[in-house]
Amino acid sequence: SRLSSLDPVKMPEWRWAPFLSHAINAFIPLKPEPYPVAPEFLQREGKTGSKSQPIRVTTCTWACRTKKFRQVRAACVEAGRSASVLNFVINPYHTFDLPFFGADLVTLPSGHLLALDLQPAITSDERHTKQVWERLMPIFEHWRVHLPEGGPIPEEAKPYFSPGFLWTRLPLSIEGNQLIDEVIMPAFKDYLNLYLDLVEMAEEVSPQRAFKLLEGQKRYLSYRAKKDPARAMLARFHGHQWTESYIHNVLFDL
Ligand code: DBV
């Protein structure tokens with residue numbers, strides 16, 4: 001079993017392993033340190049499906065911190081035909097004017113739900129968004145033409161997205177898997193590359209500015225915790241108490 005948040009996630013058949021591997025390799029130059037995660041959240045086994053055809057579920061958390069990242073964490077779910085998920089969020093320290101990196105790669109029996117974004121901590125603030133969006137939009141435009149639209153998102157969620165929100169639904173078919181390999185994977189690499197470049201350039205802000213960013217980060221994470229679309233699924237797999245604690249104390253813990 002896993003003793004540190006940096007230990008490799010070993011889940012055979014997990015659809016999203018190449019994405020997490022890519023990200024972990026990209027952090028190596030930043031000298032990642034373990035992020036404290038309680039043992040019951042490093043790896044948790046569960047069961048779903050029916051009595052006659054049970055399906056084993058594993059949920060793992062990979063996490064680290066670096067000089068500029070308060071928390072980088074990947075929630076990894078492998079449940080065979082029922083679900084395969086990588087939810088990946090990079091939380092910068094609020095002392096830098098940086099967005100969050102967010103990826104939600106979800107395979108359910110109904111198909112793949114795929115979301116990628118650099119999400120603002122504060123909205124309607126050019127100083128926070130302009131440099132990011134200027135560089136993000138060409139990348140977004142490049143990849144989105146190859147993907148069907150994901151459909152509407154709730155109005156109340158909109159402040160938390162950038163205009164470069166890449167959001168699609170793909171079928172569980174050879175064509176769907178091909179789009180994941182040929183579009184979603186390179187898009188993920190481009191978004192992460194841009195993000196790490198913005199991070200490298202970022203310098204500490206004034207205490208007043210940092211306070212505003214902290215308030216924004218708290219609002220964003222409270223929203224994500226409150227509206228986590230995985231809540232029902234995780235509760236089915238691992239129980240309500242474990243799920244609530246995981247959401248509030250690990251996934252969105254600021
Ligand atoms: N989503 C999370 C966490 C997950 C997770 C922590 C641990 O924030 C998985 C797992 N997302 C997950 C699952 C579903 C979705 C859906 C299991 C399917 C829920 C279901 O149908 O039962 C993007 N993710 C979604 C949806 C959106 C996003 C818009 C559809 C919601 C709906 O239809 O109700 N999540 C959203 C987003 C980011 C994100 C933009 C960041 C880029 O993480």
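Refer to the preceding data block for the structure.
Rules used in this analysis
- Residues numbered from 1 in each chain as written.
- Predicted model: local features only at pLDDT ≥ 70, side-chain atom pairs only at ≥ 80, totals over all residues.
- Heavy atoms only, no water.
- Buried < 20%, exposed > 50% of the residue type's maximum accessible area, 1.4 Å probe, protein only.
- Helix = DSSP H or I, 4+ residues; strand = E, 2+ residues; numbered from the N terminus.
- Near = heavy atom within 4 Å.
- Polar contact = N/O pair within 3.5 Å; in protein donor to acceptor, adjacent residues only side chain to side chain.
- Areas by Shrake-Rupley, 256 points an atom, 1.4 Å probe, with all protein chains shown as cover.
- Nonpolar A, V, L, I, M, F, W, Y, C, P; charged D, E, K, R; others polar.
- Salt bridge = Lys/Arg side-chain N within 4 Å of Asp/Glu carboxyl O.
- Contact = heavy atoms within 4.5 Å.

The backbone phi angle of Lys31 is positive, close to 50 degrees, even though this residue is not glycine. Overall, Lys31 belongs to the exposed group, its relative accessible area being 66%. With phi around 50 degrees, Ser124 is a residue other than glycine that occupies positive phi space. Among the secondary structure elements, Ser124 is positioned in the loop between strand S7 (111-119) and helix H3 (126-144).

Glancing now at the site of the ligand. Near the ligand you find 20 residues, and of these Asn87, Asp104, Phe161, Arg224 and Asp228 are the closest. Asp104 has a polar side-chain atom sitting 2.6 Å from a nitrogen atom of the ligand. Between the ligand and Arg224, the relevant distance is 2.6 Å, taken from an oxygen atom to a side-chain nitrogen or oxygen of the residue. In isolation the ligand exposes 840 Å². Once the protein is present, 78% of that is buried. Broken down by element, the residue count for the shell around the ligand peaks at five residues, all from strand S6 (residues 100-108). Taken together, the residues of the shell around the ligand break down into 14 nonpolar, three polar and three charged.

This structure, assessed with the given rule, holds 13 salt bridges. A salt bridge links Asp97 to Arg127, with the shortest nitrogen-to-oxygen separation between them at 3.9 Å. Remark: Arg127 occurs in helix H3 and Asp97 occurs in the loop between strand S5 (84-92) and S6; sequence separation between them is 30 residues. Here Arg127 falls in the exposed class, since its relative accessible area comes to 55%. For the salt bridge of Asp125 with Lys212, the shortest nitrogen-to-oxygen distance reads 3.3 Å. One end of the pair, Asp125, is in the loop between S7 and H3; the other, Lys212, is in helix H5 (residues 207-227), and 87 residues separate them in sequence. The exposure class assigned to Lys212 is partly exposed, which follows from its relative accessible area of 42%. Here the salt bridges do not stand alone but share partners, grouping Asp97, Asp125, Arg127, Arg209 and Lys212 into one network.

Let's shift gears to the environment of Ala103. Within the secondary structure, Ala103 sits in strand S6. Taking the C-alpha atoms as reference, Ala103 lies 8.1 Å from Phe188; in sequence the two are 85 residues apart. Other than its neighbours up to four places away in sequence, Ala103 contacts Leu86, Asn87, Phe88, Ala115, Leu116 and Phe188.

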